[in-house]
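# Descriptive structure summary
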Amino acid sequence: MSDTNLQISVPTVSIETHGCKLNQSDSFGFVRELETAGFKLVSRDEPADVYIVNTCTVTHIADRKGRQALRSAKRLNPNATIVATGCYAERDPEALKSLDEVDLVVGNSGKFELVKKIVEIQAERNVPCSTGDDSVINGSSIVRSRPMIKIQEGCNQICAYCIVPKVRGRERSIDPDKIISEIKQYSLDGYKEIVLTGTQLGSYGFDLEDIDLVGLIQQILLNTDVPRIRVSSLQPQEISDRLLELWTDSRLCPHFHIPLQSASDRILKMMRRRYTNVQYANSINKIRKKIDNASITTDVIVGFPQETNQEFEETYNMCDQVGFTDVHVFPYSERPGTSAVYFGNKVDAIEKTSRVRRLLNQCGIHSLEYRTKFLGTVRPVLWERQTYVSGVSRWQGLTDNYLKAITVDSEDLRNQITLANLKELDDAGTYKASNL
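Quick caveat: nothing in here was measured; it's all calculated off a predicted structure. (Residues numbered from 1 in each chain as written. Predicted model: local features only at pLDDT ≥ 70, side-chain atom pairs only at ≥ 80, totals over all residues. Heavy atoms only, no water.)

The next thing to look at is the overall build of the protein. In terms of regular secondary structure, the protein is built from 14 helices and 18 strands. Taking 2.2 N^0.38 as the reference for a compact globule, 436 residues should give roughly 22 Å; the C-alpha atoms of the protein span a radius of gyration of 23 Å, in line with that estimate. Reported as C-alpha extents along the three principal axes, the dimensions of the protein are approximately 80 × 55 × 50 Å. Counting the 436 residues in the protein, one finds 52% classified as buried. Considering only residue pairs separated by 6 or more positions, the protein has 73% of its internal contacts joining residues 24 or more positions apart. Here the protein displays about 20,000 Å² of accessible surface, and carbon together with sulfur accounts for 49% of that area. Across the protein, 54 positive and 57 negative side-chain charges occur, with their mean positions spaced 4 Å apart. (Helix = DSSP H or I, 4+ residues; strand = E, 2+ residues; numbered from the N terminus. Rg over C-alpha atoms; globule rule 2.2 N^0.38 Å. Buried < 20%, exposed > 50% of the residue type's maximum accessible area, 1.4 Å probe, protein only. Contact = heavy atoms within 4.5 Å. Areas by Shrake-Rupley, 256 points an atom, 1.4 Å probe, with all protein chains shown as cover. Lys, Arg positive; Asp, Glu negative; His and termini not counted. Charge placed at Lys NZ, Arg CZ, Asp CG, Glu CD.)

Next up, the structure:
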């Protein structure tokens, strides 16, 4: 048989990522390793030889979504290798191993060997390419077009409601040279924005010599040329004048995610948060004085054990006072292994739902107010995703201050930053824009 008659099958893999930006960062790493190992990444709805679900476990709903995704993957290709990894896999591996659909469970502590184990399983099975399609796919773009750069992992804070310290371990910082090298490579690969992510960004460098978060960002600004740098999440007590002075560099996106969780000092103390209502408000005021039109987003937990109506009103009033761009509202969810499970006087489920709806309605009003301010203005937009509507090419992207925009354009705008006129808002709060 001549060489031209040989058909080389290429193993395919699909990755579905749930939860936080740390998981997204891990998935980016898996993509690079898998492509190096000879796998071809395909989109979630395509048949694949291997399906990886990078799970979250922050709530029982996140657990359920993880199980549903694993079962859905098996339905797409019953012969595929189904892999569960991430935080759910770390917290309760036996529960996932008990699922008939799952072939391999690898928690966060074993993720560095994930790709090796997948390669070994595929070698044993000798599974051919299920798609029969040898076309090259840009795998990284399927995962996300803004790479998540993990600068720190783990948490020493041990909040009463949070399972993250158990599934991510103690705090540890990534070497700054490794971070800068990773950013430079993504820049060479054509990416225009990177996101600095971690569990507790503000504690970066506590286990290293002569560097902290401010020093790291300064080094990134000095030693890389990626056009946009976004800082994913900061605690209110970490907002300092020294930190905010860095935002005089336009490469840093004017967007701050600062978890509130509650505005009741009693509830914050029960949660073991490290700030007060007043300290939180002062941090927000400091940002707004230093940075014009900064977008500020937050997380709120509603219905924490023993939260009274009056304490919920304190949170409601704080959100009304701040006027966040967006608020992620979570009804309190018990996580086995956290101290809050043992707190008495749980809030009734119906009452929790009522409070969530009230807060979401109020936050929707402020979100619209913030977005309305930018109608008719020009903002830089990073275009990420292309769709076709009635045969017309549409692109979706994000402004520097984290607002969604869409434009009609037949050109290839993927991973391009353009100045765009934000003309009108649709019902979902997305701008219809035109490139200049």
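After that view, the rundown keeps rolling.
This part takes up the side chain of E307. Structurally, E307 can be placed in the loop between β12 (295–302) and α13 (309–322). A polar side-chain atom of E307 sits 2.9 Å from the main-chain amide nitrogen of G303. (Polar contact = N/O pair within 3.5 Å; in protein donor to acceptor, adjacent residues only side chain to side chain.)

What follows covers the nonpolar core. Counting residues in each nonpolar core, the largest one holds 55 residues, and the members touching the most others are I151, L196, I217, L243, F256 and L359. For this core, the element with the highest residue contribution is helix α9 (residues 213–223), accounting for 6 residues. The contacts of L359, once residues within four sequence positions are left out, are V300, V302, F312, Y316, C319 and V329. (Core = buried A, V, L, I, M, F, W, Y, C linked by side-chain atoms within 4.5 Å.)

Once that is clear, we can look at the pattern of salt bridges. This structure, assessed with the given rule, holds 25 salt bridges. Between K97 and E94 there is a salt bridge; the shortest N-O distance is 3.6 Å. One end of the pair, K97, and the other, E94, are both in helix α4 (residues 93–97), 3 residues apart, so they sit about a helical turn from each other. Where R228 meets E193, a salt bridge forms, and the shortest distance between an N and an O atom there is 2.9 Å. Here E193 lies in strand β9 (residues 193–197) and R228 lies in strand β10 (residues 228–231), a separation of 35 residues in the sequence. Assessed through its relative accessible area of 5%, R228 is described here as buried. Looking at E193, the relative accessible area reads 0%, which means it is buried. Through salt bridges with shared partners, one network takes in D26, K111, K150, E153, R168 and R172. (Salt bridge = Lys/Arg side-chain N within 4 Å of Asp/Glu carboxyl O.)

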